[in-house]
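Each chain, written out:
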Amino acid sequence: MEFGQSELYSTLNLHKMKNILVTVDFDKGEELIIEKAYQMANAFGSKLWLMHIAAPDPDFVGYDVGPEYIRESRASELRKEHRLIQKYSEALKNRGVDTEGLLVQGATIEMIIEESKKLNVDLIIAGHHDHGFLYKAFVGSVSGEIIKKSKIPVLIVPLD
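Residues numbered from 1 in each chain as written. Predicted model: local features only at pLDDT ≥ 70, side-chain atom pairs only at ≥ 80, totals over all residues. Heavy atoms only, no water.

Participant: Sorry, what's going on with the overall build of the chain here?
Facilitator: Of regular secondary structure, the chain possesses six helices and five strands. Across the chain, helices and strands are ordered from the amino to the carboxyl terminus as α-β-α-β-α-β-α-β-α-α-β. Taking all 160 residues of the chain together, the buried fraction comes to 37%. Taking the intrachain contacts of the chain between residues at least 6 apart in sequence as the baseline, contacts between residues at least 24 apart amount to 76%. With the model as given, the accessible surface of the chain reaches about 9600 Å², and the carbon-plus-sulfur share is 54%. (Helix = DSSP H or I, 4+ residues; strand = E, 2+ residues; numbered from the N terminus. Buried < 20%, exposed > 50% of the residue type's maximum accessible area, 1.4 Å probe, protein only. Contact = heavy atoms within 4.5 Å. Areas by Shrake-Rupley, 256 points an atom, 1.4 Å probe, with all protein chains shown as cover.)

As structure tokens, this is what we get:
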């Protein structure tokens, strides 16, 4: 059975979607995810929460132990990621959608679930890159894990 856009929105009860969490990984394809999120937020008056999850720091980073150049490199990377998420957030605000950019550190799946609860999110939007068998066997799929662990509806946007 094929759904048109209005039937899909009706089926998902999206008229009640006030808060949408959009995960952005800066791997490629974030513009597509953000555009899909914009379309939904614009149509239903939802607030968008753009969230990038930065890798957790190694134990020594940010503390007095370990080489200073590693701490500086990591801090520079986090500043760059923060600027990017803020740039996307500002662009959406300029298009008339209430948007906040978030940069959080931690384990990806756990942070998505935790933040979605804190923000009272009604829908999670995530991208999916198609990977080969070995990648899936050893690393797994972030989008698949979100679907398994979330009690909140999840919209997966194919990026390949």
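Participant: Quick question: what am I supposed to make of the pattern of salt bridges here?
Facilitator: Pairs can form between side chains of opposite charge once their charged atoms are near each other. All chains considered together, the criterion is met by eight salt bridges. Beyond isolated ion pairs, a larger network of salt bridges with shared partners links E114, E115 and K118. (Salt bridge = Lys/Arg side-chain N within 4 Å of Asp/Glu carboxyl O.)

Participant: Is there a simple way to explain helix 2 (residues 30–44) in this structure?
Facilitator: Three or four residues apart is the spacing at which side chains of an α-helix point the same way, because the helix has 3.6 residues per turn. The first and last C-alpha atoms of helix 2 sit 21 Å apart over 15 residues, in line with the 21 Å expected at 1.5 Å per residue. Every buried residue belonging to helix 2 is among E30, I33, I34, A37, Y38, M40 and A41, and all of these are buried. Within two residues after helix 2, G45 carries a phi angle of roughly 65°, on the positive side. (Expected span 1.5 Å × (residues − 1).)

Participant: When you look at unusual backbone geometry in this model, what are you seeing that I'm missing?
Facilitator: Note: most residues except glycine have negative phi, and most peptide bonds are trans. Of note in this structure, N120 is not a glycine but carries a positive phi near 55°. In this fold, N120 is placed in the loop between helix 4 (108–118) and strand 4 (123–128). A residue is classified by how much of its surface remains accessible, and N120, at 55% relative accessible area, is exposed.

Participant: How should I be thinking about the side chain of N19 in this particular structure?
Facilitator: Relative to the helices and strands, N19 is located in strand 1 (residues 19–23). Classification of N19 by relative accessible area gives buried; the value is 14%. At a separation of 3.1 Å, a polar atom in the side chain of N19 contacts the side chain of W49. When sequence neighbours within four positions are dropped, the list of residues in contact with N19 reads K47, W49, L119, N120, V121, D122 and L123. (Polar contact = N/O pair within 3.5 Å; in protein donor to acceptor, adjacent residues only side chain to side chain.)

Participant: Please explain the confidence of the model for the chain as it appears in this structure.
Facilitator: Predicted coordinates in regions of low pLDDT should not be interpreted in detail. When pLDDT is averaged across the chain, the result is 80; 76% of the residues are at 70 or more. Mean pLDDT in the chain bottoms out at helix 5 (residues 133–138), which sits at 46, and peaks at strand 1, which reaches 95. In the predicted structure, residues 134–139 sits below a pLDDT of 50 and forms three contacts with residues beyond four places in sequence or in another chain. (pLDDT = per-residue confidence, 0-100.)

Participant: Whenever I open this one, the packing of aromatic side chains confuses me. Can you help?
Facilitator: For any pair of aromatic rings, geometry is given as the distance between the ring centres together with the angle between the planes. Using the criterion set out here, one finds one aromatic pair in the structure. Between K87 and the ring centre of Y88, over which it is positioned, the NZ or CZ distance is 5.4 Å. For R95, the ring lying beneath its charged end belongs to Y38, and the centroid distance is 3.6 Å. (Phe/Tyr/Trp six-rings, centres within 6.5 Å; stacked < 30°, edge-to-face > 60°. Lys NZ or Arg CZ within 6 Å of the ring centre and 35° of its normal.)

Participant: Honestly, helix 4 in this entry has me stumped. Any pointers?
Facilitator: Taken as a whole, helix 4 has its buried residues at I109, M111, I112, I113, E115 and S116. Among the structural elements, strand 1, strand 2 (47–54), strand 3 (99–105), strand 4 and helix 6 (142–149) are those in contact with the buried residues of helix 4. The positive-phi residue at the C-terminal boundary of helix 4 is N120, with phi of around 55°.

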